[in-house]
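# An overview of the molecular structure
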Amino acid sequence: MFRKASGIEGNQYLLRVKCAQEQWRKKLGEEKMYKYFTVARRTVERCDDYKEMGDLRSFLKSLRKSLPVRDEVYTIKK
């Protein structure tokens, strides 16, 4: 997860998610980044770097319940 700058003054950001192993790629090779609130819906069939840490279905169910339902803009306080 990382902050993607947003807003005219640069004091706002959106949360985005990308693969730490850079496995999420578009057809033309560009890295995919997903909105934080939709990442639970983005699953891949198989990943060599995935380390199982429990039941995947219950984890995704819990994740869907805990993630926000829309994109949220965060402001950096100075």
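Here, the structure is the one placed above.
Turning our eyes to something else, we now look at unusual backbone geometry. Phi is positive for glutamate 22, close to 55°, though the residue is something other than glycine. Tracing the sequence through the fold places glutamate 22 in the loop between strand 2 (12–17) and strand 3 (34–35).

Pairing between strand 1 (residues 2–6) and strand 2: five bridges, direction antiparallel. The residue of strand 2 that forms the bridge with arginine 3 is leucine 15. In this antiparallel pair of consecutive strands, strand 1 and strand 2, the connection spans five residues, and glycine 7 shows a positive phi of 90°.

Of all hydrophobic cores here, the largest spans eight residues; its members are Val17, Cys19, Trp24, Tyr34, Val39, Leu60, Leu63 and Leu67. Apart from residues no more than four positions distant in its own chain, valine 39 is found in contact with Val17, Trp24 and Leu67.

This brings us to the packing of aromatic side chains. Scanning the model with the defined rule gives two aromatic pairs in all. Where tyrosine 13 meets tyrosine 74, the ring centres are 5.3 Å apart and the plane angle is 20°; that geometry is what we call stacked. With a gap of 61 residues between them, tyrosine 13 in strand 2 and tyrosine 74 in strand 4 (residues 74–75) connect regions that are remote in the sequence. Their ring planes at 65° and their centres at 5.2 Å tell us that tryptophan 24 and tyrosine 34 sit as a pair that is edge-to-face. With a gap of ten residues between them, tryptophan 24 in the loop between strand 2 and strand 3 and tyrosine 34 in strand 3 connect regions that are remote in the sequence. As far as the burial class goes, tryptophan 24 and tyrosine 34 line up, both buried. One cation-aromatic arrangement involves arginine 3 over tyrosine 13; the distance from NZ or CZ to the ring centre is 4.3 Å.

Conventions and cut-offs
Residues numbered from 1 in each chain as written. Predicted model: local features only at pLDDT ≥ 70, side-chain atom pairs only at ≥ 80, totals over all residues. Heavy atoms only, no water. Helix = DSSP H or I, 4+ residues; strand = E, 2+ residues; numbered from the N terminus. Pairing = 2+ DSSP bridges. Core = buried A, V, L, I, M, F, W, Y, C linked by side-chain atoms within 4.5 Å. Buried < 20%, exposed > 50% of the residue type's maximum accessible area, 1.4 Å probe, protein only. Contact = heavy atoms within 4.5 Å. Phe/Tyr/Trp six-rings, centres within 6.5 Å; stacked < 30°, edge-to-face > 60°. Lys NZ or Arg CZ within 6 Å of the ring centre and 35° of its normal.

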